[in-house]
Amino acid sequence: MYFQKDFECMPRADLTKLQSQRLVNQVKYVYENVECYRKRMDYAGVKPEDIKGIEDLKKLPFTYKSDLRDYYPYGLFARPLTDIVELHASSGTTGKRIVVGYTKNDLDMWAGCAARMLSAIGATSDDIIQVAYGYGLFTGGFGLHYGAEKMGLTVIPISSGNTERQIETMIDFKATILACTPSYALYLAETAEKMGVVDQLKLKAGIFGAEPWTEEMRKQIEEKLHIKAYDIYGLTEIVGPGVAFECDHQSGMHVNEDHFIVEVIDPETLEPITEEGAVGELVFSTIDREGAPLLRYRTRDLGVVIKTPCKCGRKFVRLSKPKGRSDDMLIIRGVNVFPSQIEGVLLQYCDKGITANYQIVVDRLNNNDTLDVFVEMAPDLFADDMASIERLQKQLVDKLRSVLGIGAKVTLVNPNSIARSEGKAKRVIDKRKLV
Ligand code: ADP
Ligand code: ZN
């Protein structure tokens, strides 16, 4: 199902034309209204008139997270505060938070993007959505809320936390769609199992994002909650949730390209990557944002853009599951390791005695990096059966070595001994950064 079929299924040629027109206007608008962009474009020798269409995008300078920090709080806004009706801020996962402002039209555009993602998973006004993303400065709660409201769903604006109460509410209010981070979805599933009430849930789908998660994790959530789990992608800087969304084919997230242009660049050379299927850094430009427009924003997220047509009929390109941020990449003994690779291995063993709750600890001992993976045992693995625990640990060590190319120490810990997250999970503790 579509929310705005005319845009979602617009033929590519028309879409490119629309993107070009909007880009030209957006560039002129930021040049006139944002001092930082004016200076930067002047410095780069680019005038707004030089941008005649999407093919000229690469002439524009990049915007960095540090710009949002340097111009904190309002320096990059293109409108006076009288026109700004709402502020949001990033959750600050990677340092000082940044703030973004929305005009009334921006909020409407955002709600439309979020409504598209709900339509794409088959939601209708008969559905009841439990929004268990955090409400507040974080964009998750409000983004889903506005989208659901626009579509006429019944919204339960419960926000995150108070996990048993969440389950009771889901049952009592007969929620059919759950929206939260994937790690919180798993925690909710685990709690529902513990309460013995999974059968009483009426959920049919979940809409999960805001952090990296693997296909294995999707499988787990789907099995435990008896739902279909969809991935959504967004970031505060661009709009929040609603930048990209999965359709019912669950094969990559469609980018709302009539509002955002996505590029993939080589983070070293900064050159666009055009080769199909190649991993690179995702760069987004807003093209019809009023309050806080951003041109060529470097997200640090590594991903792949899929340009082949999707069976759903949408013409928007798709993002593969982002591999994580380049900032999340760990360099351990000189080898690049993504936490998602470790998660991928662990979740393959979830029916063999471990759970999906894990923590990665990296440290440095005698100038040598150490990698420790702590993972909770399943309650039915006998903690006193040392032989089977050791066997399982050894299997995990071997598998991790073959996937990562380096050795890791695996320790199975007692059920429920690793802290759960109600928002974005904190999976990695890098003690090398703490000293
Ligand atoms: P913060 O930067 O403080 O975490 P945000 O809430 O804006 O604040 O987080 C946006 C980031 O979350 C994205 O840049 C990306 O790294 C991550 N993210 C969001 N959705 C997904 C997703 N579906 N898959 C992987 N990563 C995601
Ligand atoms: Zn599709």
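For the structure, check the block above.
Quick caveat: nothing in here was measured; it's all calculated off a predicted structure.

**Student:** I'd love a proper account of the layout of surface pockets, names of residues and values included.
**Tutor:** Any empty space left between atoms is shown by rolling a water-sized probe over those atoms. Taken as a whole, the second largest pocket spans an internal volume of roughly 770 Å³. Lining the second largest pocket are 35 residues, and of these Gln220, Lys224, Cys350, Thr355 and Ala356 sit closest to its centre. Secondary structure elements with two or more residues in the lining of the second largest pocket: α8 (182-195), α9 (215-225) and β18 (354-365). The element contributing the most residues to the lining of the second largest pocket is α9, with seven residues. Grouping the amino acids of the lining of the second largest pocket by side-chain chemistry returns 14 nonpolar, eight polar and 13 charged. Three or more residues apiece are contributed to the lining of the second largest pocket by two domains, here domain 1 (1-327) and domain 2 (330-430).

**Student:** So, the coordination of the zinc ion (ligand 2): which residues are in play, and what are the values?
**Tutor:** Coordination of the zinc ion (ligand 2) by the protein comes from Cys247 (SG), His254 (NE2), Cys310 (SG) and Cys312 (SG), over a distance range of 2.1 to 2.3 Å. For the zinc ion (ligand 2), the four donor atoms are set out with angles of 101 to 115 degrees between them, so the coordination reads as tetrahedral. Between consecutive donors of the zinc ion (ligand 2), the numbers of intervening residues give the motif C-x6-H-x55-C-x1-C. Pair noted here: His254 is in strand β9 (residues 253-255) and Cys312 is in the loop between β13 (305-306) and β14 (318-319), with a separation of 58 residues, a long-range link. We note that His254, like Cys312, is buried.

**Student:** Lay out the sheet that holds strand β10 (residues 260-265) with the relevant residues and their values.
**Tutor:** Taken in spatial order, the four strands line up as β10-β11-β12-β15 in an open sheet, and their pairing is antiparallel. Strand pairing shows two members of the sheet lacking a second neighbour, β10 and β15 (324-325), which therefore form its edges. Where strand β12 (residues 297-303) lies against β15, two bridges are found, and the strand directions are antiparallel. In the sheet register, Leu302 faces β15, and the bridge partner there is Gly324.

**Student:** Run through the packing of helix α7 (residues 163-172) against α8, naming residues and quoting values.
**Tutor:** Helix packing for two helices is described by the angle between their axes and how far apart those axes are. With their axes 9 Å apart at the nearest point, α7 and α8 run at an angle of 75 degrees to one another. Judged by the inter-axis angle, α7 sits roughly perpendicular to α8. Residues Thr163, Glu164, Gln166, Ile167 and Met170 of α7 form the contact with α8, whose own contacting residues are Tyr184, Tyr187, Leu188, Thr191, Ala192 and Met195. Class assignment of the residues belonging to the contact of α7 with α8 gives a composition of seven nonpolar, three polar and one charged.

**Student:** Requested: an account of the sheet that holds strand β21 (residues 428-430), with residues and values cited.
**Tutor:** Strand order in the open sheet made by the four strands is β20-β19-β18-β21, with mixed pairing throughout. Two strands lie at the open edges of the sheet, namely β20 (409-413) and β21, each paired on one side alone. Neighbour-to-neighbour, the strand axes of the sheet open up by a mean angle of 20 degrees, direction not taken into account. Lying on the sheet, helix α11 (residues 386-404) is in contact with β18, β19 (368-377) and β20; it crosses β20 at an angle near 140 degrees.

**Student:** Give me helix α3 (residues 35-44): which residues, what numbers.
**Tutor:** Within α3, burial applies to Cys36, Tyr37 and Met41. Taken around the axis of α3, the buried residues stretch over an arc of 120 degrees, which confines them to a single face. Looking at α3, the residues exposed on the side facing more than 90 degrees away from the buried face are Lys39 and Tyr43. Once α3 ends, the next one or two residues include Gly45, with phi positive near 70 degrees.

**Student:** Account for the environment of Ile265, with residues named and values stated.
**Tutor:** Topologically, Ile265 is positioned in strand β10. A relative accessible area of 0% places Ile265 in the buried class. It is 32 Å that separates the C-alpha atoms of Ile265 and Tyr184, two residues lying 81 residues apart in sequence. Setting aside anything within four residues of it in sequence, one finds Ile265 in contact with Phe62, Leu270, Glu271, Pro272, Ile273, Gly280, Glu281, Val283 and Arg298.

**Student:** So what's going on with the nonpolar core? Which residues, and what values?
**Tutor:** In this structure, Tyr233, Phe284 and Leu319 are the most contacted members of the largest nonpolar core, which totals 49 residues. The residues contacting Tyr233, other than those within four sequence positions of it, are Pro241, Gly242, Val243, Ala244, Met253, Leu282, Phe284, Thr299, Asp301, Leu319 and Pro322. Counting 29 residues, the second-largest nonpolar core is a separate cluster that includes Ile171, Tyr184, Leu186 and Leu203.

**Student:** I'd like to hear about a nonpolar patch on the surface, residue by residue, with values.
**Tutor:** Residues Tyr74, Leu81 and Leu87 make up a contiguous nonpolar surface patch of about 250 Å² in total accessible area. The residue Leu87 is located in strand β1 (residues 86-89) in this model.

**Student:** I'd love a proper account of empty space enclosed by the protein, names of residues and values included.
**Tutor:** In this structure the tally under the stated criterion is two cavities of 30 Å³ or more. By volume, the largest cavity amounts to about 50 Å³. In terms of lining residues, the largest cavity is bounded by Leu68, Leu76, Phe77, Val99, Val100, Glu237, Ala292, Pro293 and Leu294. In terms of residue class, the lining of the largest cavity is built from eight nonpolar, no polar and one charged. A volume near 30 Å³ is recorded for the second largest cavity. Forming the walls of the second largest cavity are Leu68, Tyr71, Tyr72, Pro73, Leu76 and Val99. Here the residues of the lining of the second largest cavity sort into six nonpolar, no polar and no charged.

What counts as what
- Residues numbered from 1 in each chain as written.
- Chains lettered and ligands numbered in written order.
- Predicted model: local features only at pLDDT ≥ 70, side-chain atom pairs only at ≥ 80, totals over all residues.
- Heavy atoms only, no water.
- 1 Å grid on protein atoms, 1.4 Å probe; cavity = no way out; pocket = protein on both sides within 12 Å on 5 of 7 lines; lining within 4 Å.
- Points joined across faces, edges and corners; volume = space filled by probe spheres on them.
- Helix = DSSP H or I, 4+ residues; strand = E, 2+ residues; numbered from the N terminus.
- Nonpolar A, V, L, I, M, F, W, Y, C, P; charged D, E, K, R; others polar.
- Domains from an automatic or database assignment.
- Donors = N, O, S within 2.8 Å, 3.2 Å for Na, K, Ca; no water.
- Tetrahedral: all angles 85-135°; square planar, octahedral: opposite > 155°, others 65-115°.
- Buried < 20%, exposed > 50% of the residue type's maximum accessible area, 1.4 Å probe, protein only.
- Pairing = 2+ DSSP bridges.
- Axes fitted to C-alpha atoms, helices over the stretch in contact; angles between N-to-C directions.
- Parallel < 35°, antiparallel > 145°, perpendicular 65-115°, else oblique.
- Contact = heavy atoms within 4.5 Å.
- Arc of directions from axis to C-beta.
- Core = buried A, V, L, I, M, F, W, Y, C linked by side-chain atoms within 4.5 Å.
- Patch = residues over 30% accessible without salt bridge, like charges linked within 9 Å, V, L, I, M, F, W, Y side chains within 5 Å.
- Areas by Shrake-Rupley, 256 points an atom, 1.4 Å probe, with all protein chains shown as cover.
- Salt bridge = Lys/Arg side-chain N within 4 Å of Asp/Glu carboxyl O.

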